[in-house]
Amino acid sequence: MFTGDHSRPAIVYASMGSVVSHELGPRENLPPYVCIPNQPNQYAGPGYLSSSFGPFSLGADPASSGFKVRDLSLPAGVDDARFARRRTALEAVNEHFAAKEKSDELGAMNSFYQRAYSLISSPKAREAFNLEAEPAKIRDEYGRNQAGQRLLMARRLIAAGVRVVSVTYGGWDFHVNINGGTKRQMPALDQAFAALINDLDRTGLLNDTVVMLSSEFGRTPKINKDAGHDHWPKVFSVVVAGGGSKRGVIYGSSNATASEP
């Protein structure tokens, strides 16, 4: 699973659900993999898999005023009939190129188009991205900030049928003033993460959903000259919850100064 880039942590959780077949494609006309608010770097992409497994990015922050996911509705002046004609013309062009050349990029683009058609044509699927449909009490519980609304959007998508959601929040590369940086960013994440676990638990989704919280790696046991901590890959922590895992368990340990395993 994705664990974030050099400076930002990622919260990743994959809904396992009651999957009977081995096919891991889209469900309920929703993308199988979504990045909130955007794909942060190449490491959140499909890696060695086909480009068709790449993420759908919201393109906007759920915490921003007037939040709206890009490309979920037809553009102004394009009705269903005109859209259908455009789709037919595009498919004819795509078939022409597909007959002449085989490539991962062409196949991936075709799969993206098909998923986009399914998403745009399904009011139920589009509603999954409607954060305004959440009760005010729930939005307040998560926190009316980036951490809170991004995690709430992620829970909403998982509940609707998205298989994997990756959330990026904050910058945690605290080489300077780690105390101040942590105080600025941690309270919102602490509230939102606790709300997410409680929300998944009370709605029955936690047993079928794996939640992971991680940053790039650990920090030096000693503070540096700039009141910060530098890179320390030897010891660091990852939080995993749900998916039937045992609760309240710590796996592994370090020495007293968290300098060595």
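What you see is a predicted model, and the numbers here were worked out from it, not measured in a lab. (Residues numbered from 1 in each chain as written. Predicted model: local features only at pLDDT ≥ 70, side-chain atom pairs only at ≥ 80, totals over all residues. Heavy atoms only, no water.)

Participant: How would you summarise the overall build of the protein chain if you had to cite specific residues and measurements?
Facilitator: In terms of regular secondary structure, the protein chain is built from 6 helices and 8 strands. The buried share among the 261 residues of the protein chain stands at 40%. Restricting the contact set of the protein chain to residue pairs at least 6 apart, pairs at least 24 apart contribute 65%. Counting every atom, the protein chain has about 14900 Å² of accessible surface; 55% of that belongs to carbon and sulfur. (Helix = DSSP H or I, 4+ residues; strand = E, 2+ residues; numbered from the N terminus. Buried < 20%, exposed > 50% of the residue type's maximum accessible area, 1.4 Å probe, protein only. Contact = heavy atoms within 4.5 Å. Areas by Shrake-Rupley, 256 points an atom, 1.4 Å probe, with all protein chains shown as cover.)

Participant: Let's hear about helix H6 (residues 178-202): which residues, and what values?
Facilitator: Across its 25 residues, H6 extends 35 Å between first and last C-alpha, which sits within 8% of the 36 Å expected from 1.5 Å per residue. A positive phi of about 80° marks Gly 204, the residue just after H6. (Expected span 1.5 Å × (residues − 1).)

Participant: Account for the packing of aromatic side chains, with residues named and values stated.
Facilitator: Taken as a whole, this structure holds 3 aromatic pairs when the rule is applied. Here the aromatic rings of Tyr 169 and Trp 172 are separated by 6.2 Å at their centres, their planes lie at 65°, and the arrangement is edge-to-face. Like Tyr 169, the residue Trp 172 is buried in the burial classification. By way of ring pairs, the aromatic residues Tyr 169, Trp 172 and Phe 174 are connected into one cluster. (Phe/Tyr/Trp six-rings, centres within 6.5 Å; stacked < 30°, edge-to-face > 60°.)

Participant: Now, about the pairing of strand S2 (residues 33-36): what can you tell me, with residues and values included?
Facilitator: Note on strand geometry: in a regular strand, side chains alternate between the two faces of the sheet. Neither face of S2 is open: one carries Tyr 33 and Cys 35, the other Val 34 and Ile 36, and all of them are buried. As judged from the 4 bridges shared by S2 and strand S4 (residues 164-168), these two strands associate in the parallel manner. Residue pairing across strands places Tyr 33 opposite Val 164, the latter belonging to S4. Judged from the 2 bridges that link them, S2 and strand S3 (residues 56-57) form a sheet pairing that is parallel. Within S3, the residue paired with Val 34 across the bridge is Phe 56. (Pairing = 2+ DSSP bridges.)

Participant: Account for helix H5 (residues 146-160), with residues named and values stated.
Facilitator: Between its first and last C-alpha atoms H5 spans 21 Å; for 15 residues at 1.5 Å apiece the expected length is 21 Å, and the two agree. With 12 of 15 residues buried, H5 lies mostly within the body of the structure. Considered for burial, the residues of H5 that qualify are Ala 147, Gly 148, Gln 149, Arg 150, Leu 151, Leu 152, Met 153, Ala 154, Arg 155, Arg 156, Leu 157 and Ile 158. Backbone nitrogen of Ala 147 and a side-chain oxygen of the N-cap are separated by 3.4 Å at the start of H5; the cap is Asn 145. After H5 finishes, the residue Gly 161 shows a positive phi value of roughly 130°. (Polar contact = N/O pair within 3.5 Å; in protein donor to acceptor, adjacent residues only side chain to side chain.)

Participant: Before we move on, could you go through the packing of H5 against H6 and cite the residues and values that matter?
Facilitator: When two helices pack together, their arrangement is given by the angle between their axes and by how far apart the axes lie. H6 packs onto H5 with a crossing angle of 20° between their chain directions and a minimal axis gap of 8 Å. Regarding the angle of H5 to H6, the classification is roughly parallel. In the crossing of H5 with H6, the sense of the turn from one axis to the other is right-handed. Residue-level contacts link Ala 147, Gly 148, Leu 151 and Arg 155 of H5 to Ala 188, Leu 189, Ala 192, Phe 193, Leu 196, Asp 199 and Leu 200 of H6. (Axes fitted to C-alpha atoms, helices over the stretch in contact; angles between N-to-C directions. Parallel < 35°, antiparallel > 145°, perpendicular 65-115°, else oblique. Left-handed = near helix turned anticlockwise from the far one by under 90°.)

Participant: Which residues make up the environment of Asn 207, and what values do they have?
Facilitator: One can find Asn 207 in the loop between H6 and strand S5 (209-214). Judged by its relative accessible area of 52%, Asn 207 is exposed. C-alpha of Asn 207 to C-alpha of Ser 245: the two residues are 38 residues apart in sequence and 8.1 Å apart in space.

Participant: Kindly report on the pairing of S5, identifying the contributing residues and their values.
Facilitator: With respect to burial, S5 is a largely interior element, 6 of its 6 residues being buried. Residues Thr 209, Val 211 and Leu 213 line one face of S5 and the alternating positions Val 210, Met 212 and Ser 214 line the opposite face, and both faces are buried. Examined bridge by bridge, S5 and strand S8 (residues 239-242) share 4 bridges and lie antiparallel to one another. Pairing of Val 210 across the sheet is with Gly 242, part of S8.

Participant: Outline the side chain of Ser 259, listing residues and values.
Facilitator: Along the chain, Ser 259 falls in the segment after S8. Look at Ser 259 and you get buried, because its relative accessible area is 15%. Beyond its immediate sequence surroundings of up to four residues, Ser 259 is in contact with Pro 221, Trp 232, Lys 234 and Val 235.

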